[in-house]
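# Survey of secondary and tertiary structure
In case you want the letters, here they are:
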Amino acid sequence: MSEFLELKGIAKSFGDVQVLNDVNVRFNKGEVHALMGENGAGKSTMMKILTGIHMPTSGEIFLKGESLKIKNPREALSKGISMIHQELSSIKDLSIAENIFLGREPVKYGFIDYKEMFKKTEEVLNSIGVALNPKTKIRDLKVSDMQMVEICKAISYDAEIIIMDEPTSAITDREVEKLFGVIRDLKDNGKSIIYISHKMKEIYDICDVITVLRDGDIVATKPTTEVSNNELISMMVGRELEDVFPDKNNVVGEPILSIKNFSKQSMFNDINFEVRKGEILGIAGLMGAGRTEVVESIFGLHKLDEGEIQVNNKTIQINGPWDAIGKGIALVTEDRKEQGLALCRSVKENISISSLASIDKYGVLDRSIENEKVNDYIKALRIKLHSKNQEAGQLSGGNQQKIVLAKWLMTSPSILILDEPTRGIDIGAKSEIYKLMVEFANKGFAIIMISSELPEILGMSDRVLVFSNGEKTGELTREEANQEKIMEYATANLR
Amino acid sequence: MLETKIEKTVGKLNFTPKQFLRDFGIIFAFLLLIVVLSSLNSNFLEYNNIINVVRQVAINGLLAIGMTYVILTGGIDLSVGSILAFSGVVSASLVTGDSELPVLLAVLVGIMAGSILGFINGFIIARFNVAAFVATLAMMSIARGLTMVYSNGNPISGLSDGFKFIGGGELIGIPIPVIILFIVFVLGAFILQKTRFGRYVYAVGGNETSARVSGIKVNRVKIAVYTISGMLSGLAGVVLSARVTAGLPQAGTAYELDAIAAVVIGGTSLVGGRGRLWGTIIGVLIIGVLSNGLDLLNVSSYFQMIVKGIIIIAAVLFDSKVNKG
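Since the structure is predicted, the reported quantities are computational estimates derived from the model, not experimental observations.

Rules and cut-offs
Residues numbered from 1 in each chain as written. Chains lettered and ligands numbered in written order. Predicted model: local features only at pLDDT ≥ 70, side-chain atom pairs only at ≥ 80, totals over all residues. pLDDT = per-residue confidence, 0-100. Contact = placed C-beta atoms within 7 Å. Pairing = 2+ DSSP bridges. Helix = DSSP H or I, 4+ residues; strand = E, 2+ residues; numbered from the N terminus. Axes fitted to C-alpha atoms, helices over the stretch in contact; angles between N-to-C directions. Nonpolar A, V, L, I, M, F, W, Y, C, P; charged D, E, K, R; others polar. Parallel < 35°, antiparallel > 145°, perpendicular 65-115°, else oblique. Left-handed = near helix turned anticlockwise from the far one by under 90°. Buried ≥ 20, exposed ≤ 12 C-beta atoms within 10 Å, placed from the backbone. Right-handed = clockwise from strand over helix to strand, strands pointing away. Domains from an automatic or database assignment. Expected span 1.5 Å × (residues − 1). Arc of directions from axis to C-beta. Core = buried A, V, L, I, M, F, W, Y, C linked by C-beta atoms within 7 Å.

## Points about the confidence of the model for chain B
Residue and element names in this part refer to chain B. Per-residue confidence for chain B gives a mean pLDDT of 91; residues scoring 70 or more make up 93%. Per-residue pLDDT stays below 50 along residues 1–13; that stretch engages in five contacts with residues further than four places along the chain or on separate chains. Scoring of the predicted complex yields 0.79 for pTM and 0.88 for ipTM.

## So, the sheet that holds strand β21 (residues 415–419) of chain A
Pairing between sheet strands relies on hydrogen bonds along the backbone, with the strands arranged either parallel or antiparallel. All names here are of chain A. Spatial strand order, β18-β21-β22-β15-β23-β24: six strands in an open sheet with mixed pairing. Of all strands in the sheet, those with a lone pairing partner are β18 (329–332) and β24 (471–477), marking the two edges. Across the sheet, the mean angle separating the axes of adjacent strands is 20 degrees when strand polarity is ignored. Running at roughly 145 degrees to strand β22 (residues 446–450), helix α15 (residues 427–442) makes contact with β15 (280–285), β21 and β22 of the sheet. Against the sheet, helix α17 (residues 483–490) engages β15, β23 (463–468) and β24, with an angle of about 35 degrees to β23.

## Remarks on the interface of chain A and chain B
Between chain A and chain B, the contact holds 30 residues from the first and 22 residues from the second. Those elements that place two or more of their residues in the side of chain A that touches chain B are α10 (321–326), α11 (336–340), β20 (364–365) and α13 (367–380) of chain A. Residue composition of the side of chain A that touches chain B, grouped by class: 14 nonpolar, 10 polar and six charged.

## Description of the packing of helix α4 (residues 80–94) of chain B against helix α5 (residues 103–127) of chain B
Residue and element names in this part refer to chain B. Direction vectors running N to C along α4 and α5 enclose 150 degrees, while the axes themselves pass 8 Å from each other. When the axes of α4 and α5 are compared, the pair comes out roughly antiparallel. For the crossing formed where α4 meets α5, the hand is right-handed. Contacts between α4 and α5 involve I83, F86, S87, V90, S91 and L94 on the former and, on the latter, A106, V107, V109, G110, I111, A113, G114, L117 and G118. For the contact of α4 with α5, a count of residues per class yields 10 nonpolar, five polar and no charged.

## Some thoughts on helix α12 (residues 255–265) of chain B
One turn of the α-helix equals 3.6 residues, which is why residues spaced by three or four share an orientation. Counting buried positions along α12(B) yields 10 of 11 residues, so the element is predominantly enclosed. Positive phi shows up at G267(B), right after α12(B), with a value of about 95 degrees.

## Focus: the pairing of β21(A)
The side chains of a regular strand alternate between the sheet's two faces. Residues and elements named next belong to chain A. Of all five residues in β21, five are buried, a share of seventy percent or more. On β21, burial covers both faces: I415, I417 and D419 on one face and L416 and L418 on the other are all buried. In terms of strand pairing, β18 meets β21 through four bridges, oriented parallel. Considered in β21, the bridge of L331 is made with I417. Here β21 runs beside β22; their pairing, made up of five bridges, is parallel. Paired with D419 across the strands is I450, a residue of β22. You can see the chain leave β21, run along α15 and come back into β22, and the turn it takes is right-handed.

## Digging into unusual backbone geometry
All names here are of chain A. Phi at D270 takes a positive value of approximately 45 degrees, unusual for a residue other than glycine. With respect to the element layout, D270 can be found in strand β14 (residues 268–276). For D270, a count of 13 C-beta atoms within 10 Å gives the class partly exposed. Positive phi is not limited to glycine here, since S412 has a value of about 45 degrees. On the secondary structure map, S412 appears in the loop between α14 (397–409) and β21.

## A look at the domain arrangement of chain A
All names here are of chain A. By the assigned domains, chain A splits into domain 1 (3–237) and domain 2 (255–490). Between domain 1 and domain 2, the C-alpha centre-to-centre distance is 31 Å. With 15 residues of domain 1 at the contact, the number on the domain 2 side is 13 residues. At the level of secondary structure, the elements contributing two or more residues to the side of domain 1 that touches domain 2 comprise α5 (143–156) and α8 (229–237). Per-element accounting of the side of domain 1 that touches domain 2 gives the leading share, three residues, to α8. The residue makeup of the side of domain 1 that touches domain 2, split by class, is five nonpolar, seven polar and three charged.

## Topic: the environment of I124(B)
Residues and elements named next belong to chain B. Mapped onto the secondary structure, I124 falls in helix α5. Along the chain, I124 and L104 lie 20 residues apart, while their C-alpha atoms are 30 Å from each other. In this structure I124 touches V130 and A135, once residues within four positions along its chain are discounted.

## Focus: helix α4 (residues 114–127) of chain A
All names here are of chain A. Here α4 contains 14 residues, and its C-alpha end-to-end distance of 20 Å stays within 8% of the 20 Å for a straight helix at 1.5 Å per residue. When α4 is considered as a whole, its buried residues turn out to be M117, T121, V124 and L125. Buried residues of α4 fall within an arc of 100 degrees about the axis and therefore sit on the same side. Opposite the buried face of α4, by more than 90 degrees, sit the exposed residues K115, E123 and N126. G129 sits one or two positions beyond α4 and adopts a positive phi of about 70 degrees.

## Let's talk about the nonpolar core
In summary, soluble globular proteins display a tendency toward joint burial of nonpolar side chains. The biggest cluster of nonpolar side chains holds 167 residues, and the ones touching the most others in it are I417(A), I447(A), L63(B) and V201(B). A per-element tally of this core places helix α11 (residues 218–244) of chain B first, with 15 residues. Setting aside residues up to four positions removed in sequence, V201(B) forms contacts with Y69(B), L72(B), T73(B), L192(B), V221(B) and V225(B). Formed by 64 residues, the second largest nonpolar core is a distinct cluster that contains V19(A), V124(A), V149(A) and I163(A).

So, in C-alpha cells, the structure goes:
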C-alpha cells in the first residue's frame, strides 16, 4: 500500500495546555484506519488540524509526499480531505440536495441549476443505496437518514481522504451494514478512510489498521488482526481493565414505580411496566421505538393521552419535570448538549441547578453548602477539571456526562432514569458510570436504563424490556436475555 | 472549610491574561475614555459636570438593568421607552391639579403600570411562544398609543413639589435619581448573583431546554424578567417626569436602543446565559460620559451618533475576539 497522508511531529497546544505532542502517523491509500482513544486523548484536535479548523503549533503534514499547510476547511476540502462530523451539521430547512451542494451549487446563467443539482444528488444517494427524494427538507428526515445525507455530502466532494467521526451513533444495525458496504466500495476505489469510533465490534469489522491515542501521544499503530480486544482497551486506558462491567450484587425488592396504560398518539401505545427497588431495568430497542418518549413522559415532558404513574403504589400526578423531581425521579437525557447542560455556565452551576431549593434560605443561596456539595460530587464521580468554575463546555464528553449525572444524583432521587448514559464517551468513563449505577442500585434505589448498545443492556440489566415501534414487545429476565432474542423483539413490529 | 477558602482565593487570583481581559477589559476602556476626555477638556472632571453626567445616565441605567435581565434569558425588550412614557404620564397626572395624590402613591401606581405592561409582554412570550422581538415590538406601539390616549397627546405639567423632588432633589449632595439607580443596581446584582432566581435567569439563557428538563419553570422565569424590565421602565418614567417636571407623552422614544447598547457594551451576550450587571452599568457610564465629553468638546450630536455606533461594534468585536476558543 502506498503512503498517502502523513503527519510528522504534529504538536498542538492551547495556551499552556498541550493537547498533542509529537504525533507521527501514516494513512495509506485504500485503507480504513481506525483512530481510537478515550475522550480528551486528542483525536478531535488531530482531525481539526487535518480539516483546517486548527493550525498545528509545530510539525508538518505531507500529502503524497508533498508538504502541505491547511489553513481553513475550504482548503482541506480542495485537497481532498473531507469529514463527517459526529454532530449532525446539516441545515434543517434546506433540502437534501441544497445541503449536499452547499457553497458549490451548480450554476447556469448566474442562477442555481436545480435540475442538475437534484440529478447529481440522486446519483450520490443511489451510489450508497439510499432511497430518498433529493428535494426533501432535512427537517422531515429521520435522524438516521440525516446521518446518511452527511455521508453522501462527504462522498460527493470526491474526497480522497474521508474522516468519519462516530458515523454510526445515530443509525440502526441495518443501516450500519449499508454504511460498511459503502466504506468497502470507497476503499476498493483507493480512498483512504479515517474511522473514529468507540464501538469495538465496528472497529474489528471494518478497519484494517488501528492507531491508539492517549493523552496526546500515539501509543501504537497496528494492523487490526494483530491486536486483541483486551489489548486495545488497555492501550487506550493505559491500564488493564479487568472487566468493563462491574460485579453486580444489587438485591431486587418491592416495586417502586409502575407505569400503566401509557399512550400517546404517534409516539407509543399502551405501555405497562414496573421497576423495583434495587433493580436495573434495561430498555432495548431500535432508534425511534418510542423508548425516549416514554421516559420523557414519565418525567412530565410530554402530555399523555392516557396513562397512570404510581410511585410506591400511590397514583401521582406529574405536570412537569419539577413535579417528577419532587417525587424523587431523575432523568439523565439522551443528548447532553441539547438537553443536559448549559455549556456556557460553570460546572458548579450546572451541577447544583436542580437542587437549589435545598441549599437556599428565602431564595438566597448558601454558597458554602453549595460549594461543599458540588465538591463532594466532583470527587465521588471523579470529574476531571481545573476548577469547578470552569465552563462546562470546556470539558470532554465523558466528563460532561458525569456533570449531568452529578446534577441528578444531587437531587437525591430514588428512581434514576438514564437515556443512553454512555453514548459517545470513552471506555474508562463508561466503566466508572457502570460502577456508579450498581452503587446506586445497591442503596435500594431503582434504575431505568435505555440503551442501544446491546452489550451494555446485557451487562447491566436485571431485567430487559424491548420496545418496537411504540409498543412493548418483549420482557426478558437477565438469564433469558441474549442478543438474538432482543433483536427479534426489537424488530417485531417492523414491516 | 479551610480547603474551600483556599480554593476560593486561588480561583479568584488564578486568571489567565485572556480571562482577565474578558472580565475587566471594559473597565480599562472606561478609564481610558475618562483620561482622554479629561485631557481634552479641563471642565470634564469638575464636580458639577460629574454630577450632571450621573444624573443624566440614571434613566438609561434603570432601563438597562431591566434589559440585562431580559437579555440574559436570551430575550429582548423593545417596549421599555414606550412603557417609560406611559408610566411617566400616568404618575404625573396623579400629582397635578385638583386630584393630587400623595407622592408615594403616585410613584407606586407608575411603577405598577409599567409592571403590568411588562407582565403582559412576558405572558405572551412565555405562554404563546411568541418571539420576544415581535411581542415587545407590538407592546412598544401599544404602550405609546395608551400614553397618547391617556394624555390626549399633551404634556402634563404643574406637578407637586414633592414629586419633583424625586427628579431634581439631592441627598447629601447626591442627586436622588443617582441614589435610586444605585439601590436598584445593588439589589439587581444581589438577585442575579446570590439568589436561586438569579441562577435560573442564567440557566434559561444558557440552555432553555436543559433548564426545563432540570425542573426550572421556564415560563415563570421569562414572565418574571419581562415584569422586572417593565417595572424598572415604570420607575424610570416616574424619575424622568419628576426631573423634567412634566409627564411627556413623547418621552423615551428610541431609549430601548441606548439600553440595549449599554448591555452589549457591558459584555452581556445577546444569545443569553453570559453577562454581568456591573458590566451594564459601565456600559451605561461609557455612553453617558462619551456624549457629555463630546458635548463639552462641541462635537455635534449628529456626529455623536456615529461615534456611539462605532463603539458598539468595537465592544462586540472585542468580546467575540476574547471569547473565542
